[in-house]
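# Geometric and topological summary
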Amino acid sequence: MRLRNVKGSRDEIARNDYVIKNPENNRGSWKEYFGNDRPVHIEIGMGKGKFLMELAARNPEINYIGIEKYSSVLVRALEKMEEAPLENVHFIRMDAEYIPMVFSVGEVDQIYLNFSDPWPKDRHAKRRLTSRQFLSRYDQILKEEGKIIFKTDNRDLFNFSLEEAELAGWTLDLCTFDLHHSQYLPGNVMTEYEEKFVKKGNPICKMVIHHEN
Ligand code: SAM
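## Some details on the confidence of the model for the protein
- Here the protein averages 96 in pLDDT, while 97% of its residues score no lower than 70.
- Here helix H1 (residues 6-15) stands out as the element of the protein with the lowest mean pLDDT, 85, in contrast to strand S4 (residues 108-114), whose mean of 99 is the highest.

Have a look at this one:
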């Protein structure tokens, strides 16, 4: 069943077992929630979940949580899960702004940010998911040496992200301005937006950063 309207989306999310309700109740006890000691990787702004689900199918030894702000988008991921269920993927519908209320210090091993909204106006810079404000939130939940992996075709957003990471004292582990013509391509899992932009011929930028506390 396709759920196109928002009300239907909310109802579906409320009854779907793959969606974690009241995720703040698991803060500090995600290992108990999953019932295992496996690493926890999250994708923020996962959209329809193509990337996350492909990654999860390849890596059953990792627990994945997809975070998406909009119910109407998240239901698309739930529809995909119905077609090909995966045990190691769960979802949270929330604004990433609240992420430190959901995970405690060191509970997350890796964060993926893919083709995040650019918020081009200067006055909206702090809404960008790679702004210093968001980097500080990620720093509160990532384990020591935990990484952020960011891809985008938006060169302005990428340059901004590199600057913010440097200013906030993060270390750059990998950086390419043209992933698809680089040594880093093998093993790359394409996101929905990435497929679209690669078809158009846009170069894809990728960075990996970590923060030493
Ligand atoms: N990552 C997917 C991809 O690469 O195909 C989707 C990219 S889409 C441009 C950005 C997604 O991030 C949208 O689904 C949007 O709703 C979500 N998003 C934007 N801001 C967010 C926030 N603050 N918290 C959670 N999700 C957010």
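## Some details on helix H5 (residues 132-141)
- Considered for burial, the residues of H5 that qualify are Phe134, Leu135, Arg137, Tyr138 and Ile141. The buried residues of H5 occupy an angular sector of 160° when the element is viewed end-on, so they sit on one face.
- Contact partners of the buried residues in H5: strand S1 (40-44), S4, strand S5 (142-152), helix H6 (155-167), strand S6 (170-176) and strand S7 (205-211).

## A short note on the site of the ligand
- Gly45, Glu68, Ala96, Asn114 and Thr191 are the nearest of the 18 residues found near the ligand.
- Contact between the ligand and Asp95: a nitrogen atom at 3.0 Å from a side-chain N or O atom of the residue.
- One of the backbone nitrogen or oxygen atoms of Ala96 is found 2.9 Å away from a nitrogen atom of the ligand.
- Contact with the protein chains removes 92% of the 600 Å² of surface that the ligand exposes when unbound.

## Considering unusual backbone geometry
- Notably, Asn22 is not glycine yet its phi reads approximately 45°, a positive angle.
- As for its position among the elements, Asn22 is in the loop between H1 and helix H2 (30-34).
- The backbone phi angle of Trp119 is positive, close to 40°, even though this residue is not glycine.
- Following the sequence through the fold, Trp119 ends up in the loop between S4 and H5.

About the criteria used
- Residues numbered from 1 in each chain as written.
- Predicted model: local features only at pLDDT ≥ 70, side-chain atom pairs only at ≥ 80, totals over all residues.
- Heavy atoms only, no water.
- pLDDT = per-residue confidence, 0-100.
- Helix = DSSP H or I, 4+ residues; strand = E, 2+ residues; numbered from the N terminus.
- Buried < 20%, exposed > 50% of the residue type's maximum accessible area, 1.4 Å probe, protein only.
- Arc of directions from axis to C-beta.
- Contact = heavy atoms within 4.5 Å.
- Near = heavy atom within 4 Å.
- Polar contact = N/O pair within 3.5 Å; in protein donor to acceptor, adjacent residues only side chain to side chain.
- Areas by Shrake-Rupley, 256 points an atom, 1.4 Å probe, with all protein chains shown as cover.

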